[in-house]
Structure formats: structure tokens, C-alpha cells
Amino acid sequence: MNRASAIHWARQEQDKSICVPLGAAIDSGNGGRKVGIVIDASGSMKDNDPRNLRLQAAKLLVDKLISPSEVTGDQTADEVAVIEFTYTADVLYPLGDPSGAGPAIDGIIADGGTFIGSGVNAAIDELTKNSAAAGQTGILVLTDGVDDPSYFTPETIASIDRAQELGIRVSFGFLSIDSTQQDPKIIEAILRSGGIFATINTADDIGKVVAQALLNGLVGEPGKTKVILLSDVETAGMLDQTGSNTFTYTAKEGEAFNVTLTSDDRDPVSLKVTLRDPSGKEVASAVTDPDTGVAFVEYTAQAAGTITIEITPEGNKKSGLFSVKLLSSLDPCAESPVQIPPSNSTYIPTQSYHPPSPTGTSVVTAAAAPMGNANLAVGFGLLLLPAVFGVLY
């Protein structure tokens with residue numbers, strides 16, 4: 001089985017460190033990508049990621065890229081660069097063969113402050129030093145914080161906008177131990193670039209960030225299309241003047257799931273969530289509560305197929321950030337079937353924008369159009385093991 005066609009698998013073990021609840025297993029695609037992995041090396045990572053799981057996740061991403069020695073058929077080799085940042089950024093592995101990047105990632109030591117834009121700019125410079133970037137270049141940032149001091153934030157926004165202007169997709173994995181919220185303008189800039197913004201509240205879930213970035217495409221021009229939802233991954237979108245966003249979920253017959261829609265309380269907008277079955281028939285809907293900004297719907301699939309989740313504005317306001325989370329009874333990472341809570345007046349999330357999961361940990365993802373050259377095969381779970389990074393061929 002060659003790398004181009006192989007779906008990477010891993011078996012479940014009791015000592016697993018990272019579990020990725022994939023609704024789709026993703027192969028390595030056809031290559032031709034230039035990817036910058038930007039890793040937070042600030043001092044807070046000593047406490048928030050003491051086992052350096054973000055480094056394992058970064059190496060998982062590297063493993064999904066195609067080295068020159070692995071090229072087959074019509075494939076083209078990928079290239080990767082590794083950057084660490086604190087107050088400043090350092091290029092640890094110049095743009096080149098992914099197979100050599102592991103030692104550079106392993107050498108990252110947490111010590112310093114946080115200026116995310118320094119890492120993004122360093123990645124842009126490295127990715128564009130020999131050629132134009134548009135369409136086949138992307139950046140994934142793994143961080144646990146916001147810019148500190150905060151006067152760095154406008155520069156971080158400018159760095160992401162710079163990437164977008166060059167055709168570089170930027171995605172963030174945000175580890176929020178204390179429910180810190182990232183600046184909304186940073187999230188909006190990421191979405192404009194075509195990337196995702198995924199928030200997790202434990203380092204054990206960092207592998208989910210890589211999975212979501214791969215699913216939505218590491219590279220590609222921004223575009224408006226349906227975004228695929230995964231169980232237990234909350235996906236945020238940004239309403240624009242077209243006034244709607246559409247998501248999809250591939251359900252199995254008899255699968256029970258619920259969907260929670262939350263309007264960003266920093267700039268709230270009244271929203272409606274509508275579920276449609278594979279035939280297009282409306283099967284459930286709800287409008288966000290004016291006090292909590294939350295709407296909640298549930299459904300049991302009558303047949304296998306694609307469920308469509310539509311998000312539309314209810315009032316005069318047609319733009320704003322929101323998040324959508326789907327929780328399935330068949331989450332492949334759960335040790336036993338997930339108990340789906342009923343939709344009733346007692347279930348009201350206690351936080352805005354990052355509501356807690358009814359079961360398990362909450363993962364918030366801001367996502368734009370899925371693009372890039374990853375191939376999808378719906379219905380598999382991927383488990384990552386600490387010793388071998390979860391990859392079995």
C-alpha cells in the first residue's frame with residue numbers, strides 16, 4: 001500500500017495521549033504543498049502542555065506530508081518549514097523535505113513571552129523566499145495564548161492579512177486552559193484567509209486541531225462552500241452580507257446527535273439553526289435565545305446520509321461570529337457510546353461562544369471553506385499513540 005493511497009490508522013491503547021475524533025480519514029493527497037508549522041515556545045507551555053503534545057501533533061502533520069522519496073505516480077513532493085516563537089521567532093527548519101523536520105520540532109523548549117505575529121511573519125518570509133505562494137501554501141499555528149503585551153495584537157492581525165493577500169491560508173490551534181478568548185479580529189482574519197480557528201481546553205486534544213486543519217485543507221484560496229462537521233468539534237463561522245453559512249455531517253442510520261449554535265457574545269447576532277435530512281427535508285430548527293445566545297436541536301438519523309446544517313440570521317443584523325458544535329452518540333474516540341442529553345429547558349451552556357460540551361471536553365473550531373488536496377473517506381476514527389505518533393501502515 002503506497003503512501004498516496006494509504007489511510008493512516010492507529011489502534012486504541014490504554015496509554016494513548018491524543019485522540020482525534022475524525023469523521024473522515026485523510027490521506028496524504030497529491031502533494032505540491034508548502035506548509036509552515038508555527039509553534040508557541042512561550043513559558044506558559046511548561047504548565048499547559050507539560051508532555052509537549054503539541055510537538056507530537058506537529059510531527060503528525062509532518063508525517064501527512066509527502067517527502068521526495070515517497071512520491072509516486074502524479075504526486076509532487078511537499079515542503080515544510082518549522083518556526084518557533086516567543087517575543088521573537090526563529091526558523092528551526094528551513095523550507096525543505098518533511099522527512100528531516102522531526103529533530104527540529106523535538107528541540108523546542110518552552111521559555112519566553114508571546115508575540116504570535118512574529119511567528120506568522122517568519123513563516124511567510126520562509127515560505128515565499130524562492131517563489132510565489134498563492135493557492136498551495138499554508139500555515140498552522142499551535143499556541144496557548146493571546147499576544148502579551150496586547151499591543152502586539154494589531155501586528156498579529158496584520159501578519160495574517162499579509163498572508164491572505166499572498167494567497168496563504170492560516171489556521172490556528174488555540175489551547176485555552178483558562179477559557180481565554182482570542183481577539184475576534186484575529187479570528188476574522190483567519191477565516192478570511194480560508195483557514196480554521198480551533199480552540200481546545202486540554203493539550204490532550206491537540207491532535208484534533210491537526211485533524212481539522214487537514215480536513216479543511218492546509219492550503220487553498222478562500223472560498224464559500226459547505227463545511228464538514230465532526231463529532232465533538234465545535235466549528236465557528238462568520239456570517240457575511242450573504243447572510244448564511246452551511247455545514248454538513250455524514251450520519252449513520254440510527255445515529256443520535258445534537259447541535260448547539262452559539263452567537264459570539266462580544267458582538268451578538270440573532271441566529272437560526274436548521275437541520276435537513278439527505279432528501280432536503282427540514283427535520284429540526286431553533287433560534288438562539290435572546291439572553292444566552294444559544295440554540296439547541298437534536299435528531300436521530302432515519303437513514304445513512306448527509307445531514308445539512310444551515311445557519312441564518314433572524315434579525316436585521318447579517319454579520320457576526322458564531323460557533324456550531326455537533327455531539328454524536330457514535331463518536332469514534334469515546335470509550336463507550338456517548339449519552340446524548342435531551343433538548344429541554346435545563347440544558348443551557350454556562351459560557352458564551354465557548355460553551356461546555358454536554359459530555360467530554362469542548363473543542364471550538366472556526367472554519368472557512370474546505371479546500372486543498374486531501375482526499376476524504378467518511379466514517380473512520382484516528383487514534384494517536386505517544387510512542388509512534390499513532391501511525392500504522
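Calculation rules
- Residues numbered from 1 in each chain as written.
- Predicted model: local features only at pLDDT ≥ 70, side-chain atom pairs only at ≥ 80, totals over all residues.
- Heavy atoms only, no water.
- Helix = DSSP H or I, 4+ residues; strand = E, 2+ residues; numbered from the N terminus.
- Buried < 20%, exposed > 50% of the residue type's maximum accessible area, 1.4 Å probe, protein only.
- Contact = heavy atoms within 4.5 Å.
- Areas by Shrake-Rupley, 256 points an atom, 1.4 Å probe, with all protein chains shown as cover.
- Core = buried A, V, L, I, M, F, W, Y, C linked by side-chain atoms within 4.5 Å.
- Salt bridge = Lys/Arg side-chain N within 4 Å of Asp/Glu carboxyl O.
- Expected span 1.5 Å × (residues − 1).
- pLDDT = per-residue confidence, 0-100.
- Pairing = 2+ DSSP bridges.
- Axes fitted to C-alpha atoms, helices over the stretch in contact; angles between N-to-C directions.
- Parallel < 35°, antiparallel > 145°, perpendicular 65-115°, else oblique.
- Nonpolar A, V, L, I, M, F, W, Y, C, P; charged D, E, K, R; others polar.

Per the secondary structure count, the chain includes seven helices and 20 strands. The buried share among the 393 residues of the chain stands at 56%. Long-range pairs, those at least 24 residues apart, make up 80% of the contacts in the chain between residues at least 6 apart in sequence. Total accessible area computed for the chain in this model is approximately 15000 Å², and 50% of it derives from carbon and sulfur atoms.

So, about the nonpolar core. Ranked by internal contacts, the top residues of the largest apolar core, which has 33 residues, are Ile 37, Ile 39, Leu 61 and Leu 218. Secondary structure elements with two or more residues in this core: strand E3 (34–40), helix H2 (53–64), strand E4 (79–85), helix H3 (102–106), strand E6 (137–143), strand E8 (196–200) and helix H7 (206–216). In terms of residue count, H2 provides more of this core than any other element does, seven residues in total. Beyond its immediate stretch of four places on either side in the chain, Ile 39 contacts Arg 54, Leu 55, Ala 58, Val 82, Ile 83, Glu 84, Phe 85, Ile 105, Ile 108 and Leu 142. Counting residues in each nonpolar core, the second largest holds 27 residues, with Ile 83, Ala 123, Val 141 and Phe 172 among its members.

A few words on the pattern of salt bridges. Scanning the model with the defined rule gives nine salt bridges in all. The closest approach of N and O atoms between Arg 33 and Asp 78, which form a salt bridge, is 2.8 Å. Here the residue Arg 33 occupies a position in the loop between strand E2 (24–26) and E3, and Asp 78 occupies one in the loop between H2 and E4, the gap between them amounting to 45 residues. The exposure class of Arg 33 is buried, given its relative accessible area of 3%. Note on Asp 78: relative accessible area 1%, which makes it buried. Linking Asp 161 and Arg 192 is a salt bridge whose minimum nitrogen-to-oxygen distance equals 3.0 Å. Of this pair, Asp 161 sits in helix H5 (residues 153–165) while Arg 192 is found in helix H6 (residues 184–192), placing the two residues 31 residues apart along the sequence. The class of Arg 192 is partly exposed, set by a relative accessible area of 33%.

What follows is about helix H4 (residues 116–127). In this model H4 runs 17 Å from its N-terminal to its C-terminal C-alpha over 12 residues, within 8% of the 16 Å that 1.5 Å per residue would give. Across the 12 residues of H4, 10 count as buried, placing the element largely inside the fold. Lining the buried residues of H4 we find E3, E4, strand E5 (89–96), E6, H5 and strand E7 (168–175).

Moving on: the confidence of the model for the chain. Overall, the prediction assigns the chain a mean pLDDT of 78, with 74% of residues at 70 or greater. Throughout residues 1–16 the model reports pLDDT below 50, and contacts reaching past four residues in sequence, or to other chains, amount to 46 contacts. Between residues 343–393, whose pLDDT stays under 50, and residues either more than four places distant or in other chains, the model counts 211 contacts.

Time to look at the pairing of E8. Across the five residues of E8, five count as buried, placing the element largely inside the fold. Of the two faces of E8, the one carrying Ile 196, Ala 198 and Ile 200 and the one carrying Phe 197 and Thr 199 are both buried. In this structure, E7 lies alongside E8, joined through four bridges in parallel fashion. Counted as the bridge partner of Leu 175 is Ile 200 from E8.

Strand order in the open sheet formed by five strands is E9-E11-E16-E13-E14, and the pairing between neighbours is mixed. In this open sheet, the two edge strands, each paired with only one partner strand, are strand E9 (227–228) and strand E14 (282–287). Sheet analysis places strand E11 (residues 245–251) next to strand E16 (residues 305–313), joined by seven bridges and oriented antiparallel. Along E16, the bridge assignment pairs Ala 251 with Gly 305.

By the secondary structure assignment, Leu 127 is in helix H4. On the accessibility criterion, Leu 127 (0% relative accessible area) is buried. Distance from Leu 127 to Gly 138, taken between C-alpha atoms, is 8.7 Å for residues 11 residues apart in sequence. Setting aside anything within four residues of it in sequence, one finds Leu 127 in contact with Lys 34, Val 35, Gly 36, Leu 95, Thr 137, Gly 138 and Ile 139.

Looking now at the packing of H5 against H6. Where H5 contacts H6, the axes come no closer than 9 Å and their chain directions differ by 5°. On the basis of their axis angle, the class for H5 and H6 is roughly parallel. Taking contact as the criterion, the partners of Thr 153, Thr 156, Ile 157, Ile 160, Asp 161 and Gln 164 in H5 are, on H6, Lys 185, Ile 186, Ala 189, Ile 190 and Arg 192. Partitioned by chemical class, the residues of the contact of H5 with H6 number five nonpolar, three polar and three charged.

Walk down a regular strand and you will see the side chains alternate between the two sheet faces. Of all seven residues making up strand E10 (residues 233–239), six are buried, and the element is well covered by its neighbours. As paired strands, E10 and strand E17 (residues 320–328) are joined by seven bridges and run antiparallel to one another. When the sheet's bridge partners are listed, Gly 237 is paired in E17 with Phe 322.

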